[in-house]
Amino acid sequence: MTADSDRQIRELLEARTRAFGRRDAAGAAAGYDDDLVLYDVVGPFVRRGEDPTGRLERWIASYGTGIGHEIRDLEITAGADVAFCHFLVRISGTMRDGTEVGMWVRATSCLRRRGGTWTIVHEHASVPFDADTGHAVLRAEL
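Rules of the game
Residues numbered from 1 in each chain as written. Predicted model: local features only at pLDDT ≥ 70, side-chain atom pairs only at ≥ 80, totals over all residues. Heavy atoms only, no water. Buried < 20%, exposed > 50% of the residue type's maximum accessible area, 1.4 Å probe, protein only. Helix = DSSP H or I, 4+ residues; strand = E, 2+ residues; numbered from the N terminus. Arc of directions from axis to C-beta. Contact = heavy atoms within 4.5 Å. Polar contact = N/O pair within 3.5 Å; in protein donor to acceptor, adjacent residues only side chain to side chain. Pairing = 2+ DSSP bridges. Phe/Tyr/Trp six-rings, centres within 6.5 Å; stacked < 30°, edge-to-face > 60°. Lys NZ or Arg CZ within 6 Å of the ring centre and 35° of its normal. Patch = residues over 30% accessible without salt bridge, like charges linked within 9 Å, V, L, I, M, F, W, Y side chains within 5 Å. Areas by Shrake-Rupley, 256 points an atom, 1.4 Å probe, with all protein chains shown as cover. Salt bridge = Lys/Arg side-chain N within 4 Å of Asp/Glu carboxyl O. Core = buried A, V, L, I, M, F, W, Y, C linked by side-chain atoms within 4.5 Å. Expected span 1.5 Å × (residues − 1).

A. Geometry of helix H3 (residues 52-61). Along H3, the residues that are buried comprise Pro52, Thr53, Arg55, Leu56 and Ile60. Seen end-on, H3 carries its buried residues on one side only, within an arc spanning 160°. Where H3 is buried, its residues contact helix H1 (3-22), helix H2 (25-29), strand S1 (32-39) and strand S2 (47-48). Here H3 starts with a cap whose side-chain oxygen sits 3.0 Å from the backbone nitrogen of Thr53, and that cap is Asp51.

This is the structure:
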C-alpha cells in the first residue's frame, strides 16, 4: 500500500465524518461509488443500485442535532486498485424526539480506484448481540 492511497482513503472517511456533523447528506454520500452495495445496520438487508443520498437525508433528518461520527481503530489494506478497511464508529447526537444516541457500530468498507479516485463500492455495518438475550449491544465500553 502506498502512503498516497492510505492518505486518500483516510480523507474520504474523514470527509464523511465532517459531512455528518454539518448535516450534509450529499457530502456524506460523495465517497460512494455508483455501483454501491450496502449492508447497513438498518434494513433492508441489502441495498443495491439506489442513490445513498436519499437514505442519508432521511437518517440525518431524524436528528435534531449534527451527528457525531467518531472513527476508531481504522486499519486500511490497499492494492493498486482495490482496498478494504475496517474500523469502529461511534454514532452520537440527539434525535428530534429527544432521544440521546451514543452507540458503537462495526464497519468494513471495500473500495475501488478508478482514474486515481477511491470510492466505496461495498460497506457493511453491524452491531454485536448478546447471545443470551438476543438483544443488540450498542453501548459497550471499548
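B. Up close: the pairing of strand S6 (residues 117-126). Of all ten residues making up S6, seven are buried, and the element is well covered by its neighbours. Here S1 pairs with S6 via four bridges, running parallel. The residue bridging Val37 from the neighbouring strand is His122, located in S6. In terms of strand pairing, strand S5 (residues 100-114) meets S6 through nine bridges, oriented antiparallel. Pairing of Thr108 across the sheet is with His124, part of S6.

C. A look at the packing of aromatic side chains. Taken as a whole, this structure holds two aromatic pairs when the rule is applied. When the ring of Phe20 is compared with that of Trp59, the centres are 5.3 Å apart and the planes differ by 85°; the resulting orientation is edge-to-face. Linking Phe20 in helix H1 with Trp59 in helix H3, this pair joins segments that are 39 residues apart in sequence. Summarising the aromatic geometry, the rings of Trp59 and Tyr63 are spaced 5.5 Å apart at their centres and angled 75° between planes, so their arrangement reads as edge-to-face. Taking the relative accessible area as the measure of exposure, Trp59 reaches 27% and is therefore partly exposed. Site record: aromatic cluster; members linked through ring pairs are Phe20, Trp59 and Tyr63. For Arg72, the ring lying beneath its charged end belongs to Trp104, and the centroid distance is 5.7 Å.

D. Main features of a nonpolar patch on the surface. A cluster of nonpolar residues, Tyr39, Phe45 and Val46, forms a patch on the protein surface that exposes about 340 Å² of accessible area. In this fold, Tyr39 is placed in strand S1.

E. Looking closely at the nonpolar core. Residues Ile9, Leu13, Cys85, Ile91 and Leu111 are the most contacted members of the largest nonpolar core, which totals 31 residues. Broken down by secondary-structure element, the contributors of at least two residues to this core are H1, H2, S1, H3, strand S3 (68-78), strand S4 (82-94), S5 and S6.

F. Main features of the side chain of Ser5. In this fold, Ser5 is placed in helix H1. Apart from the residues within four sequence positions on either side, Ser5 is in contact with Ala78, Arg113 and Trp118.

G. Summary view of H1. Taking 1.5 Å as the rise per residue, H1 with 20 residues should run 28 Å; its terminal C-alpha atoms sit 28 Å apart, in good agreement. Phi for Arg23, located one or two positions after H1, is positive at around 65°.

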